[in-house]
Every structure is written in C-alpha cells, then in structure tokens.
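Read off the chains here:
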Amino acid sequence: MKFASSYEPNQYESDIYAAWEAAGVFQPLVPTVPIDDDGNGVDDRFHENAKYYSIVMPPPNANGNLHIGHGLTIALEDALTRYYRLRGRSTWYVPGADHAGFETWVVYERALEAEGHTRFEFDRDELYARVWDFVAMQRGNMELQLRALGASCAWNDLTFTLDENVIDRVYTTFEKMWNDGMVYRGEKLVNFCPKHQTAFADIEVEHRDEPGTLWEIVYPVVQDEDVKSCASEASSLAPVVTGLASSIAPVVANASESHNLTSLIVSTTRPETLFGDTAVAVNPNDARYADLVGKMVRLPLTDREIPIIADEHADPEYGTGVVKITPAHDFDDFEVGERHDLPRIQVISEEGKMINVPEKYLGMGAAECRKAVLSDLKEQGFLKGEKQITHSVAHCYKCGTVLEPTLKEQWFVDVKKLAKVAISHLENNEIRFYPENKARVLINYLENLKDWNISRQIPWGIAIPMFRKVDEEATDEPEWIFDRRTHLKEIERSGVKYVRDEDTFDTWFSSSHWPIVCTDWSEENPTPYYPLNVMETGVDLLFAWVARMIMMGLYVTGEVPFYEVYMHGMVLDAHGKKMSKSKGNVINPMDLVAKYGSDAFRLGIVRGRGAGMNQAFSENSVISGRNLCNKLWNISRLIQNIVDEDDGDKAGVLSANLFSGPTSSSSTSYAGTPGEPSPSETNPSGASGIYVSELANRTLSRGKDIAATPASSSSYTNDNMGEDWICREISECVKQVEDCMNDYRFSEAVEVLYSTIWDKYADWFIESQKIYRNVPLLKRTLETLLIALHPFAPFVTEAIWQNLSWTDGFIITQEWPCELKYDPITAEQFESVIGIVSEVRGTLQSLPGASNAKKYALMYDKDSLVEDNLLLIRNLTKVPAAVALDGAPRGLRIALANHELYLDVPEKVVALYKDALTEKILSVGRELDGLNARMMNPNYVDKAPAELVKETRDAISDKEALIARLKQQLEVI
RNA sequence: GGGCUUUUAGCUCAGUUGGCUAGAGCGCAGCAUUCACAUUGCUGAGGUCACAGGUUCGAGCCCUGUAAAGCCCACCA
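Notes on the structure in this doc start here. Bear in mind that the values here come from a model prediction, so they are computed numbers and not experimental data.

The four strands are arranged E6-E5-E14-E16 in an open sheet whose pairing can be described as antiparallel. The open sheet has two free edges, formed respectively by strand E6 (198-200) and strand E16 (452-453), since each of these has just one partner strand. Across 10 bridges, strand E5 (residues 183-193) lies against strand E14 (residues 404-413) in antiparallel orientation. Bridge assignment links arginine 185 to a residue of E14, and that residue is tryptophan 411. The strands touched by helix H6 (residues 331-340) are E5 and E14; relative to E5, the strand with the most contacts, the crossing angle is about 145 degrees.

Shown next as structure tokens:
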C-alpha cells in the first residue's frame, strides 16, 4: 500500500465509484416491496423505529447538465444517505430524471427552429417522438455528473418521469379525480404565452413591476330617453352593434353633481381591450354613482351599449372609481363577469390578433391596435388624459413575453378540497420543516390556492387521457370520457366516436406523485419506504412541488408523502448575487470537481450554509475542503508509516483482538441477495470501547537524544500523552455530528469534523504520537474519523480505507463508530499541556529577534505534569533543552497560573519584554475586574447556578495568582 | 397591500433551550521549515454582535420599536 505525498482525487474517484456500483452497495438491503405473505413489514414502516431510510432525488432535467444547485442537493442528500447507511439502515436513495415538459420543449423548439423548421410542420405525436430522441441522446450526461458527485443512489431504480409506471400512476390518479369530481373541464381565463402558444398555471407566471401608461377614457352615459333595449343587451352578443345613431356628445363628467352626469371616466392600461368591455363597474357604496347603477353607457368607437353595475371590485379611492369590465381579458373582470353574468367577448386571439372588433381594427396586432384606438379616441374626444404608473405585469418565465390572459377551455383541478386536507395534516405537525417557518408559509399558500390549470398546449409531456365526443347527435353520451389509450388519437365507445384531447399534463401534476412512484407504492403493496424519511429540495419549489406532493400524496395514499422536509437556499455567487447566464457569474460544479475533486466540492458547498438561506458561494470554501482531504490523506500516510515500522512487533495480534464490529466488513450482505439489515444502529454499549490506559503497546521513539528522560510519577502516566484526551475529543465530535445530522445542521457537522481532524487530531495527538506510539489507538482513531467524515467526503475516505494495510471491505458499508472510552481526568490534564505549550510559543514569539525557540532553554520547578510531558513540550516548543530549575528562579517567567516555568533568557532581553508584560498584566487585570464585578453582585451569587458561581470563583483565584506572578516578574526587571 | 428572511472580523458565514475572554474558513501581518502534509507549521492583528428601548443576576441570543438589504405571494384597473 502506497500513499503519494499528496491526495490526487482524479486518480481515485472514478475507480472508487465504479467499485461501489459493481459491488451493489447503493441498493437497499431490505427489499423494497414487502415479501411477507402475512403482510409483515407493513407494521414497522413508521418513522420512529424504522430500519428503513428512504429519500428521493429531485429529478434533474434529463437533457441538461447539473448546475450548482444540483451540486448542493446531491451533497446534502448523499450525506444523509451515507450517514444512515453507516448507521445500519436499509437505505434507499432513488435517482431520477425529469422530462421537464415545458423546459425541454423550449430547448427543443429552439433547436427545431435553428434547423429551419417549425412545430406546425408536424403533428403532436411526431413531435413527441422527436423530442424523445432528442432527450435520449443527451440523457447520459446528467447521470455521469451525478456519479462524479458521488451520489450513492440506487441506479437500478432510476425513475424517469415518463416511465410507464409513472404515467400509469398519474392516469390512475386522474381517473380517481375525474370520478370524484375533483377535476373538471372549464372555460376560464388562463395565462397564455403567445410565443409558446401554451397556457400556464398561476405559479409559473413571473410578475414584474414595470412602468406603464394609464389612459382615461370617456364613456358617455346613455340618457333615459335613449335607452332602447335596456339590460337585455346581454343577450345580444353581437360584438359590433350597428345602426344606432350617435346622439350623445362626449362630455366630461362633472364630479360634484351625481345626478346629471352625462359620462363616466374609466382608467385603463389596455385601451385596445375596450371592445371586449361588457360593463363598467362602480363600488356599491360609492354615493357619487349610486343613481347611475342600472343605466347604460355607450362604448366609444362602437355603437354598443353596456350596463353600469355595482361591484366591490371597483375601488372608490382609485382614479374616478369607475372601472371597465372586460371579462375575456382580465382575471378580475372575469370574476366580476361571473358574479353579474356578463358576456365574455374575446377580442384578442391566441395568436395575438384582434378579433370580434370593428372592421377597421380587425386582424391588427394588439400593440398596433392600441395605437389606432388611442389615436381614434383622441380624435373623437374620448381620451381625457394619461399618466405614467408602475404596475405589475405577468411574463412568461421562460421567454419573458408578456402573458395574455386568454379565455380557454382547460382541465382544472379543484384544489380547495386537496388543500384543505393538506392543511389539516400540516397543522397537525405531521411534517417537520427545516427551516421551521416554511410550514406556516405553506399553509398560508394553500389557504389561498385557486383551481389549478393542468392543461398544457405542448407536445412534450404526458398525454391527458381524456377523449371528446365528436358525434354531436349522440346526446345521451357524455361529452368527455376517460381512457388510458392515449397512444390512439381516436377511440370508439358504445358506437360513439371520441378524439383525444391533444394537450399534455402540467409537469407538476405528474411530479406531485414523485414520492409515490419512486418508492413503487401501490394500493395493493404499500412499501415500507413510503412515506419518505425526508424530502430535500430547494426553497424555490415549496409551492410548485412540495405543496403538490403533499396534496397528492394524501389524496392517493391517505398518508403524508414524507415526514421531514429540508429546503436548501439558493446558491449565490461570491458577492451574494443570483447566478445567471446573462450576468456571466454562473459556476459549473463539474469544473470545480475536476479541479479540486468531488469531496472538496461537497465540503465546500455544504460549508457555511443553513436551511432555507440564500447564501454566497466561492471557490475558497472548495479550496479549504481540498486542503482537508489532503490533510487527512497525509495523516493516514504517517499512520501507515508508523504501522509499517511497527510491523513485526506483537502489535498486529493485539489490535486484531481489540476491534469489534467496524473492521469486520459486512460486505457479504451486499452481495446482491436481500440480506439481513445491518446490526442495530445504536451503539452496543461499551462492547467495543477501549480503555486507552489498558493499551500497553507503546514504544519510545528511537534515536533521539533526550535532554531529560521522562521520570515516572505517581500522578501522571508518562506514556499516555494525549490518548485519553483524543478519545474524549473524537467521542464528542462523533456525538456532535450525530446531533447535527439529526437536526440537518450539515454545515456545523462539517465544521466539527474539520476542527477535530485538523486542530486536534493532527496538531496535537499525531504530534504526540511521534514521540510515544500507541499503534492500536492510532488505527482505531483514524478509522473513527474516516467513517465520521465519509458522508461528506466519500471518495478520499474510501481511497484511504483502501490504501491502509489493515482495513477490510469498503468504508461505505462500515458501521458508524461508537464512543471511545477515556479517563476524563487524564484528558483534562493534557489540556494543561496544550496550554503550557501555547503559552511558551506565544512568549517566544513576542520576544525580540527571530528563531527564538532555538536560543532559550525552558526550565521548570517541581512540576510533575511538565516533567512527565517534557519530551512533548520540548518538541512542540522547539526549545533546545527543557530542564529542571537548579537553584533560584531566573530568566523570563511564563504567564501561567499553576505552573512554574521559565525561559532562560538573558536579563537584557527580559528587559525588552517589559512592555509586553505590562500589557499582559493589564489585560488579565481587566478580565479579573469583570469577574470580580460579577461576584460583587449579590443577585448573581444568589440566583445563578452554583456551578457557574464556583467556576467564576476559581477563575478569580487563577487570575489573581497569575497577576501576582507577573508582577513579581515585572519587579525583577 | 400581505408574508417571510437577513443584519456578528476585510470577505463568506457559525454561534442549538440566555452563562465565563463572541468563533471558523478565506484574506492580511510576522516567524519557521530536510525528517506525513507549502494543499504545511507556529504566532498575531482585526468585532460597541445594524440602532433604540425593555425583561433578566446576566442578552449576539428573549420582547417591543426603528433603519437597511433581500426573497415570496397578491385582483392596483
């Protein structure tokens, strides 16, 4: 086994991943469908005691590349997966690929246009087949990238959103909804993109605040004597009423006199839609217009008369308080129209051309028509004024085109009932959210949800399994029937012909089944992996996806689809700005993986990131991850060297007896057969813990001349430097990582591992082991740290595991480490050694001149702790000698309260230290003052916990002692 | 208009039920270096925890208000 002097991720990563995959370690241990005849396994599928752990990947777009957000998703989900796998759960991480209906369609149509074709040259089925090939061609990229990131997902179970079982499940749900009356065909206003020629759900609309013009237009009131046919107008749907002579001159309304108003002024940002007006509305409580309600106004530029109605929608405070009602082109007006049973006149076609308008305007584009209308209004004196305003405008989130509210017949899901059920389960706290507040945000959203348009006029997607009757005469037959045979354009039932609706489902309709379809849940075979343990995804998908999965999960299975939801925030660039192609600040995760390694990327992207927070990301954090990998690699290299040197001793035999679970690999149970689940994940209490003091295999380092031989002492064991201490530190680290994983505090987990490995293990323990060696303990502690870091840095830990001479199997299938036993008193004593070394180093640094460490010897006075650790102290401080004080103290006293240590510094140099010493006394004095002030407060002594008070008291005596010593020193100078 | 979030070192962020001298990474300064690692080691500088009140023996943390930044939802014609 050979360790190169630095870790080169590229040399290992792909081989390791291939080896894992070949060994089948990603697949769950326990079959995903209950095989028990008497239905066992169903009972224990509940979260708390479950031995299962399931998580599904938010499916990346099948024809795209992974972006930085995917990188984060995979890093987090895979960390969870690997962690729970190490804890012995039967872990199922289901990978996915998304057909991404509209997204992919847009990309494809662009490609099609680039080839000089248009969608209109092909029928729907041809287009579907073409996009299928288009996606199939690129689909491998995304999957390779997931592998490069180290996702330990069950590839055998990869689910594509157009897989047969997905479509089947979606149809089953749709049929159930159809039968339950939860889905209906309705003519409503929908958001329609004129460029893409499809409707959207509300959630897909992007609102932007934009400057616009508000025009004021005069609508003359039809005086009583002029009224011909009263409100029966509504029945005469002819858009252009002819033959009515204009007898009314446009007169500006006199606002103070409500009785003899001859005209009303309405404000609009869309004058071209006035041809679609079927009423004007005033607020029912608006006294100014009370008398006019029920009368008619004449629509400018036409001969049509429309009623004045009273509706709450009109805001008396806004403008003149009068609003024109265009039910076919405005969402509010549509609702007003429904309340008052107004006709809907569509004046802009789906292609954006004027229809149902006077001859002059017919066929114009909407923008062109607006100009013409304004000019005509002005000419005829109907335009009273205009002003600039800012208003929010709906845009297509893909192409930015202004969406046209368009009247269309579509399939709608009655979400009210679904939402109600979801809300009750959410209020019952059945799903835990990270961050917590998202639950309330979600409830608020669900409470205001409107019916969901699931029809899309694009070919790429799951065909809606509904067929429309063609034969008008078969009056007894239903207009629409459900049928799964969507590969047919036309079917026959009871001798009646039906044609398929050409539309496809909104992707979110099928995606809302994701937890169900990925786990193969079915009514007959409810898998123990559903509900999922956790749903991890980005905050931007709370409404679009998470909300719908919850509603659909409950509707289909009666259970929430997952127990916990972790939502990561957006990854912003180094300056906290959103990444976007146009800004050119997009970071490609694969570039970073190639440059620094997969582990470095994972460590970097996880670091400094909390649930739900949009946070900046820079290459620096990846670099620091790379450094950690290299550090760990070199720690392992050193330990392997020590082990090699130690070979031939009895150490090998000894260590074999000491290890319990971890090194006896469980790889047999991964051999492909559904084996038993790993042993219980709880630590077998004490079974494999070791008392380090019992480990006898210690050897002094060779060939060093020793200034003072370690003396034996009754109070300290001279050959145990740092051993209890590191066992304590590692045990605490492992415990903290467990807590963090439990609460999804990934960043903190990485932080703890980082500092334990680097600042504690490498800087102190490994250093001490260069002098005194405990080979079994070195092996044991290294294994523990490798396993603990594995969820976050899978490749380097596996690479090391494979390179170490004494380890077996894969690290990925090891058992999560249990606590290392230690003696707390000894551990604490080592803390003092650290304090001594640090203080000596600091003092040496503050003395004038370079390379001080080599100049001055260290002297100690009757101090068994120092004596016992002399070699280590000497090596770490690099002083030329460390000796017992002979005679009276001399030189420079080290600023420690409980240890008498001196640096053998000439008086002249000590004098130069005077300022530093004075400053030190002052700063300790300030701390002491603070502590004293606290103790002077009787309430503190009274009310604070006794333990805390005692600590304060101890600290005071320490500080006092220190100050006394330092002052003594000052006097000498 | 409604809702959510953030504000701690030069930068990006931790700080879990309130508790001793507020931490990390990167950056910066000084020193070191054949002997696991320059992807290194050691040392250090740098913070009135946005502001103002309040609760408490004690507040970065809890409460109230203010300011700034960001995000989401929404039917301003």
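Under the definition given, this model contains 42 aromatic pairs. Taking 5.0 Å as the distance between ring centres and 70 degrees as the angle between the ring planes, the aromatic pair formed by tyrosine 52 and tyrosine 529 counts as edge-to-face. Separated by 477 residues along the polypeptide, tyrosine 52 in strand E1 (residues 52-56) and tyrosine 529 in the loop between helix H11 (514-518) and strand E23 (532-538) bring together distant segments of the chain. Neither tyrosine 52 nor tyrosine 529 differs from the other in exposure class; each is buried. Three or more aromatic residues link up through ring pairs in this structure, and these residues are Phe174, Trp178, Trp411, Trp452, Trp480, Phe482, Phe505 and Phe509. The ring of phenylalanine 160 is capped by arginine 139, whose NZ or CZ atom sits 4.6 Å from the centre of that ring. Lying over the aromatic face of tyrosine 555, lysine 176 brings its terminal NZ or CZ to 4.7 Å of the ring centre.

Moving on, we come to the protein's contact with RNA strand B. Near RNA strand B there are 59 residues, and of these Tyr318, Asp332, Trp758, Lys943 and Glu951 occur at the shortest range. Considering the 4 Å shell around the protein, atoms of RNA strand B inside it are sugar or phosphate in 62% of instances. Take threonine 268: an N or O atom from its side chain is 3.3 Å from a sugar or linking oxygen of RNA strand B. Within the side chain of lysine 959, a nitrogen or oxygen atom sits 2.3 Å from a base oxygen of RNA strand B. Sort the elements by how many residues they give to the surface near RNA strand B and helix H15 (residues 619-646) lands first, with 10 residues. Among the residues forming the surface near RNA strand B, the class breakdown is 19 nonpolar, 19 polar and 21 charged.

Basis of the calculations
Residues numbered from 1 in each chain as written. Chains lettered and ligands numbered in written order. Predicted model: local features only at pLDDT ≥ 70, side-chain atom pairs only at ≥ 80, totals over all residues. Heavy atoms only, no water. Pairing = 2+ DSSP bridges. Helix = DSSP H or I, 4+ residues; strand = E, 2+ residues; numbered from the N terminus. Contact = heavy atoms within 4.5 Å. Axes fitted to C-alpha atoms, helices over the stretch in contact; angles between N-to-C directions. Phe/Tyr/Trp six-rings, centres within 6.5 Å; stacked < 30°, edge-to-face > 60°. Buried < 20%, exposed > 50% of the residue type's maximum accessible area, 1.4 Å probe, protein only. Lys NZ or Arg CZ within 6 Å of the ring centre and 35° of its normal. Near = heavy atom within 4 Å. Polar contact = N/O pair within 3.5 Å; in protein donor to acceptor, adjacent residues only side chain to side chain. Nonpolar A, V, L, I, M, F, W, Y, C, P; charged D, E, K, R; others polar.

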